[in-house]
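Geometric and topological summary
Next come the chains, spelled out residue by residue.
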Amino acid sequence: MYVLINIIGILVVLALAYISSLDRKKIKLWPIAVMVVLQFIVTWLMLTTTIGGTIIKGVAAFFVFLIDSALEGVAFIVPDLVPQDGSGTMFFIGVLLPIIFIVAFFDILTYFGIMPLLINVIGWILSKLTGTPRFESFFAAQVMFLGNNEALAVTRDQISKMSDKRLLSMCMMGMSCVSASVLGAYMTLLDPKYVLTAIPLNALGALIMSSLIVPYTVSKEEDVVYKPSKAERKNFFDVISTSMLTGGKMALIIAAMLVGFTALIACINGILGIFNDGLTLEYLFSLIFAPLAFLMGVEWTEALKIARFMGEKLATNEFVAMTNLKEVLGTLKPHSQAVISTFLVSFCNFSTIGIILGSVQALFGSEKSAYVAKYTWRLLLAGILVSCLTAMVVGLFVH
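This text gives an overview of the structure that appears in the document.

We now examine the overall build of the protein. A count of helices and strands for the protein gives 20 helices and zero strands. Here the C-alpha radius of gyration of the protein, 20 Å, is about what a compact globule of 399 residues would show, namely 21 Å. Summarising its shape, the C-alpha atoms of the protein cover approximately 65 × 50 × 45 Å along the three principal directions. In the protein, which comprises 399 residues, the share counted as buried stands at 55%. Long-range pairs, those at least 24 residues apart, make up 78% of the contacts in the protein between residues at least 6 apart in sequence. Entry remark: accessible area of the protein is about 17500 Å², with carbon and sulfur atoms responsible for 69%. In the protein, the 26 positive side-chain charges and the 24 negative ones have mean positions that sit 10 Å from each other.

So, on to the side chain of Ser-336. With respect to the helices, strands and loops of the structure, Ser-336 is situated in helix H17 (residues 334-344). Overall, the relative accessible area of 2% leaves Ser-336 in the buried class. Excluding anything up to four places from it in sequence, Ser-336 contacts Val-298, Glu-302 and Ile-306.

What follows is about the side chain of Ser-286. Of note, Ser-286 is situated in helix H14 (residues 281-295). Overall, the relative accessible area of 2% leaves Ser-286 in the buried class. Engagement of the side chain of Ser-286 in a polar contact is seen with the backbone oxygen of Tyr-283, the distance being 2.4 Å. Once residues within four sequence positions are removed from consideration, Ser-286 is found in contact with Leu-304, Ala-307 and Arg-308.

Here we take up the state of the cysteines. Enumeration over the complete set of coordinates arrives at zero disulfides. Not part of a disulfide, Cys-171 finds its nearest cysteine sulfur in Cys-177, a span of 10 Å. With relative accessibility at 0%, the residue Cys-171 sits in the buried group.

Another point: the environment of Leu-109. Within the secondary structure layout, Leu-109 lies in helix H5 (residues 99-111). Not counting residues within four places of it along the chain, the set of residues in contact with Leu-109 comprises Ile-114, Met-115 and Pro-116.

In this section: helix H3 (residues 51-77). Helix length check: H3 (27 residues) gives 40 Å between terminal C-alpha atoms against 39 Å at 1.5 Å per residue, within 8%. Within the span of H3, buried status applies to Gly-52, Gly-53, Ile-56, Ala-60, Phe-63, Leu-66, Ile-67, Ala-70, Leu-71 and Val-74.

Where helix H2 (residues 29-48) contacts helix H12 (residues 192-213), the two axes come as close as 10 Å, and the packing angle between them is 180°. Relative to H12, H2 is oriented roughly antiparallel. Residue-level contacts link Ile-32, Met-35, Val-36, Leu-38, Gln-39, Val-42, Thr-43, Met-46 and Leu-47 of H2 to Lys-193, Tyr-194, Leu-196, Thr-197, Pro-200, Leu-201, Leu-204, Gly-205, Leu-207, Ile-208, Ser-211 and Leu-212 of H12. Residue composition of the contact of H2 with H12, by class: 15 nonpolar, five polar and one charged.

We now examine H14. Note that an α-helix has 3.6 residues per turn; residues three or four places apart therefore point the same way. A rise of 1.5 Å per residue sets the reference length of H14, with its 15 residues, at 21 Å; its end C-alpha atoms lie 22 Å apart and thus fit the reference within 8%. In H14, a bend of some 45° at Phe-289 exceeds every other bend along the element, and Pro-291, a proline, comes one to four places later. Within H14, the full set of buried residues consists of Leu-281, Glu-282, Phe-285, Ser-286, Phe-289, Ala-290, Leu-292, Ala-293 and Leu-295. One side-chain oxygen at the N-terminal end of H14 lies 3.2 Å from the backbone nitrogen of Tyr-283; it belongs to Thr-280. Looking one or two residues beyond H14, the residue adopting positive phi is Gly-297, at roughly 95°.

On the surface, Leu-117, Val-121, Trp-124, Ile-125 and Leu-129 cluster together to form a nonpolar patch covering roughly 490 Å² of accessible area. Relative to the assigned elements, Ile-125 resides in helix H6 (residues 114-130).

Enumeration over the complete set of coordinates arrives at five salt bridges. Between Lys-333 and Glu-299 there is a salt bridge, and its shortest N-O distance comes to 2.7 Å. Residue Lys-333 is found in the loop between helix H16 (318-328) and H17, and its partner Glu-299 is found in the loop between H14 and helix H15 (300-315); the two are separated by 34 residues along the sequence. Note on Lys-333: relative accessible area 39%, which makes it partly exposed. Accessibility expressed as a relative area gives 41% for Glu-299, which makes it partly exposed.

On to the packing of aromatic side chains, then. The tally for this structure, following the rule as stated, stands at ten aromatic pairs. With a centroid separation of 5.4 Å and an interplanar angle of 50°, the aromatic rings of Tyr-186 and Phe-319 are classed as tilted. A residue pair is termed long-range when its members are at least 10 positions apart, and Tyr-186 in helix H11 (residues 183-189) and Phe-319 in helix H16 qualify at 133 residues. Here Phe-319 falls in the partly exposed class, since its relative accessible area comes to 29%. Between Phe-294 and Trp-300, the ring centres sit 5.7 Å apart and the planes meet at 75°, which makes this aromatic pair edge-to-face. An aromatic cluster is built from Tyr-111, Phe-112, Phe-236 and Phe-237, whose rings are joined through pairwise contacts. Arg-308 extends its terminal NZ or CZ atom over the ring of Phe-309, reaching a point 4.5 Å from the ring centre.

How each quantity is defined
- Residues numbered from 1 in each chain as written.
- Predicted model: local features only at pLDDT ≥ 70, side-chain atom pairs only at ≥ 80, totals over all residues.
- Heavy atoms only, no water.
- Helix = DSSP H or I, 4+ residues; strand = E, 2+ residues; numbered from the N terminus.
- Rg over C-alpha atoms; globule rule 2.2 N^0.38 Å.
- Buried < 20%, exposed > 50% of the residue type's maximum accessible area, 1.4 Å probe, protein only.
- Contact = heavy atoms within 4.5 Å.
- Areas by Shrake-Rupley, 256 points an atom, 1.4 Å probe, with all protein chains shown as cover.
- Lys, Arg positive; Asp, Glu negative; His and termini not counted.
- Charge placed at Lys NZ, Arg CZ, Asp CG, Glu CD.
- Polar contact = N/O pair within 3.5 Å; in protein donor to acceptor, adjacent residues only side chain to side chain.
- Disulfide = S-S within 2.5 Å.
- Expected span 1.5 Å × (residues − 1).
- Axes fitted to C-alpha atoms, helices over the stretch in contact; angles between N-to-C directions.
- Parallel < 35°, antiparallel > 145°, perpendicular 65-115°, else oblique.
- Nonpolar A, V, L, I, M, F, W, Y, C, P; charged D, E, K, R; others polar.
- Bend = angle between axes of the 7 residues up to and from the residue.
- Patch = residues over 30% accessible without salt bridge, like charges linked within 9 Å, V, L, I, M, F, W, Y side chains within 5 Å.
- Salt bridge = Lys/Arg side-chain N within 4 Å of Asp/Glu carboxyl O.
- Phe/Tyr/Trp six-rings, centres within 6.5 Å; stacked < 30°, edge-to-face > 60°.
- Lys NZ or Arg CZ within 6 Å of the ring centre and 35° of its normal.

Purely spatial values, then, with no claim about function.
See below:
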């Protein structure tokens, strides 16, 4: 029975994205169908073989190495705030400040032509499989290991040459990002196999949702990798300096957005508590998400409980939801464990919208930021639908 409900759930999720489309006439159904089939194949590969997990772990280890290198730089300035074992590091120190090095590192790769080459090769392979433009395909691959702000920053030269719709599509895919630096933490709270399965599924799901909600056609001339001319090409040390200043600016803007959004939610919860003790945004969202939890194949007796964690993730962040889930995970049925675990593996929440808008403001200016801000609810919807689709596909393989 749960298989039938899961299938219905997948169709409902795709239908919601279709209804929310900016231009339904431009939607290409065949590539979307191919990407859904690819999700099934990836899920089978990840949950029944060790090949997929080995690849993901290897690539993730490289990004963790980058974060560790970044923390060496942070420790030079504030040694007392960076623990030797890397545990217990403050969010601003351990997540935001490393952006400075991450942006510079990838700009160095771009300077020497490595990033454009990767965009061409990986993008070409994925675009052939999915029918999407090369850069969009590469950006979807990035969301598996880079945070939304980092993914935008390291490809900002390419994105700055694109149309507003393509920028909106990148921001939409950014709602499903997962930074490699948090994978280890995720795997201490959830079953690693579900964390590693959700990552590639989210990437494909991000492509599916952006193709449905913001469809557009990219000409052959536009479907290229931007390469700076000799006149635009800066001195190597100018590139590094500019990159680090860009990363520092982004870290401060993102911090401001997070403080504001988190405080706003706390304020709303305080006001709601005046009317009814225990009434919070998280609880209200759990009521909204209960039908979606049921469509994931979760029995109705567990649907409200699962929906509560979905609401917590949206209103706060995935770490809060994962920590609370860990306490009751053993009491849930295997199918419920699988779907809620995979649903939580992404940065999709209210704060992420602030991060993306802040990143766009810092990288592309207020005009581009205002354009993306007009479609804020679509960004949030896309992120939620990607997480739901991932959970529903995984649910088909876990009894």
